[in-house]
Amino acid sequence: MSIGWRSVLGAVALGGLLATTSPVPAAAGRSTIDNPVIIWDRNAQTAIWDVAAQEPSEQIRSFAMVNAAVYDAVNAISGTPYEPYLVSPPVHGGESLDAAVATAAHGVLLALFSDQRERLRAQYEAALAAITDGAAKRGGVTVGARAASAMIAARRDDGASGDQQWVNGTEPGQWRPAPPLFLSEGAWTGHLRPFLIPGAAAFRAPGPPPLSSREYAREVDEVKAVGSATSTVRTQDQTEAALWWHDRRSVSWEIKRQLATSQRLGVLQTARLFAMADLIVADSGVACFSEKERWSFWRPVTAIQLADTDGNRATVPDPGWEPLLITPPLPEYPSGHACGTGARMSFYQHFFGRDDVSFSATSVASGTTRHFDSFSGALTELIGARIWGGVHLRSADDDGARLGEAITRYVVGHHFRPLR
């Protein structure tokens, strides 16, 4: 599979995902307020970010493990209407969904964060205490425990947090640690065993524009002007968007939960939404970081400061140029954020069968709330935001978004399909 395009994703570009799906029906009966999948996704965020402060690559793996185990437990109790991810534990009928979700999530979180054992145990016991004792509760616990055990076993020795390192280059175009931190992190991500795709090599990006090309010069000039820390052409709204999308306490978590609530999804459909979204994003990260290693392209701050070395007469160096945002400690191409957001937004279009769904989220980093009327609109803004922040060239964002969409297309065609 090869990806050779650079246009910004929009509703038309993603239309193929909408052609073969139908809208998810509104849930009947149970309120979304007490949806255990949403509750335990919040609990997972507390463990993953609020306490452990995991880096983005670690975060997406952890969320994927938790929500895929929860999905397998819920899917089994619901009669296995969809393909399980790993297992479909045997059920006898009437097992408690609340007990199953709590047990599956707690089991995975405990395996990931053993140093949070006491806090997680108190949280889990409080959840079980709210469920009436009896066969239904015991059955739910058993189903959830089996789903968690399967996930923990499946991800053992999967390459997470390996010792791989990015290659530091010295030639024009080659990546090297960027100021102000001069760090090198996250190279293991491209070597992580995928959750769903056959391998990272099946999904390729075309590569950054040649240093000598007009396209490259245009992209450098664009980020040089609008992405500078002292830019006079970037608007206040663009500045806020750059900060909003860069928040390490990912706004995507709030969006995911808000969609489940606003679209009135039941427990099963929420579990399926969360599992598919998180697994797709995790695999988009694997493919994206594999491509980062393959191309090992320099960041805008390096490209602009050393523009006199790139052999392109149309670029002019600015040794004092600095971006609005702190440059991430890894190669530039393709954009990891665009890969993940492209995967998420194209998946949401598929899942809900439409693009024009409204949602919003609040960023602690920017102190602002941003509202969107469509999934494609959010992705378009993200692509711009990484340029406005001064950390990516446009081709890295466009190609990253396309790579994420390709991962979504593969997954929805091969996994989580209806069985009846």
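Residues numbered from 1 in each chain as written. Predicted model: local features only at pLDDT ≥ 70, side-chain atom pairs only at ≥ 80, totals over all residues. Heavy atoms only, no water.

### Focus on the overall build of the chain
Each helix and strand counted, the chain has 14 helices and two strands in total. Computed over the C-alpha atoms, the radius of gyration of the chain is 22 Å, within 12% of the 22 Å expected from 2.2 N^0.38 for a compact globule of 420 residues. Along the first, second and third principal axes, the C-alpha atoms of the chain reach 75 × 45 × 40 Å. Residue burial in the chain is summarised as follows: out of 420 residues, 56% are buried. Pairs at least 24 residues apart make up 81% of the contacts formed inside the chain by residues separated by at least 6 positions. In the structure as shown, the chain presents an accessible area of about 16,500 Å², 53% of it carried by carbon and sulfur atoms. If the 38 positive side-chain charges of the chain are averaged to one point and the 43 negative ones to another, these points end up 5 Å apart. (Helix = DSSP H or I, 4+ residues; strand = E, 2+ residues; numbered from the N terminus. Rg over C-alpha atoms; globule rule 2.2 N^0.38 Å. Buried < 20%, exposed > 50% of the residue type's maximum accessible area, 1.4 Å probe, protein only. Contact = heavy atoms within 4.5 Å. Areas by Shrake-Rupley, 256 points an atom, 1.4 Å probe, with all protein chains shown as cover. Lys, Arg positive; Asp, Glu negative; His and termini not counted. Charge placed at Lys NZ, Arg CZ, Asp CG, Glu CD.)

### As for a nonpolar patch on the surface
There is a patch of nonpolar side chains on the surface, built from Leu181, Leu183 and Ile326 and spanning about 260 Å² of accessible area. Mapping Leu181 onto the fold places it in the loop between helix H6 (135–154) and helix H7 (214–226). (Patch = residues over 30% accessible without salt bridge, like charges linked within 9 Å, V, L, I, M, F, W, Y side chains within 5 Å. Salt bridge = Lys/Arg side-chain N within 4 Å of Asp/Glu carboxyl O.)

### With respect to the packing of aromatic side chains
All told, the structure shown has 17 aromatic pairs when counted by the stated rule. Where Phe347 meets Phe351, the ring centres are 5.7 Å apart and the plane angle is 55°; that geometry is what we call tilted. Here Phe347 pairs with Phe351, and both are found in helix H12 (residues 336–352), just four residues apart, close to one helical turn. For the pair formed by Phe347 and Phe351, the shared burial category is buried. By way of ring pairs, the aromatic residues Trp244, Trp245, Phe347, Tyr348, Phe351, Phe352, Phe359, Phe372 and Phe375 are connected into one cluster. The ring of Phe195 is capped by Arg155, whose NZ or CZ atom sits 3.7 Å from the centre of that ring. (Phe/Tyr/Trp six-rings, centres within 6.5 Å; stacked < 30°, edge-to-face > 60°. Lys NZ or Arg CZ within 6 Å of the ring centre and 35° of its normal.)

### A short note on the environment of Gly227
For Gly227, the position within the fold is in the loop between H7 and helix H8 (236–246). Sequence-wise, Gly227 and Gly384 are 157 residues apart; in three dimensions their C-alpha atoms are separated by 10.0 Å. In this structure, Gly227 is in contact with Glu222, Arg234, Trp321, Glu322, Pro323, Leu324, Ile387, Trp388, Gly389 and Gly390, ignoring residues within four places of it in sequence.

### Some details on the confidence of the model for the chain
Overall, the prediction assigns the chain a mean pLDDT of 93, with 92% of residues at 70 or greater. The model gives residues 1–23 a pLDDT under 50, and that stretch makes 65 contacts with residues more than four places away or in other chains. Note on residues 25–29: pLDDT is under 50 here. Beyond four places in sequence and across chains, it has five contacts. (pLDDT = per-residue confidence, 0-100.)

### Overview of the pattern of salt bridges
Tallied over the full model, the rule gives 18 salt bridges. One salt bridge in this structure joins Asp278 and Lys256, with 3.0 Å as the shortest N-O distance. One end of the pair, Asp278, is in helix H10 (residues 267–295); the other, Lys256, is in helix H9 (residues 251–262), and 22 residues separate them in sequence. By relative accessible area, Asp278 is classed as buried at 2%.

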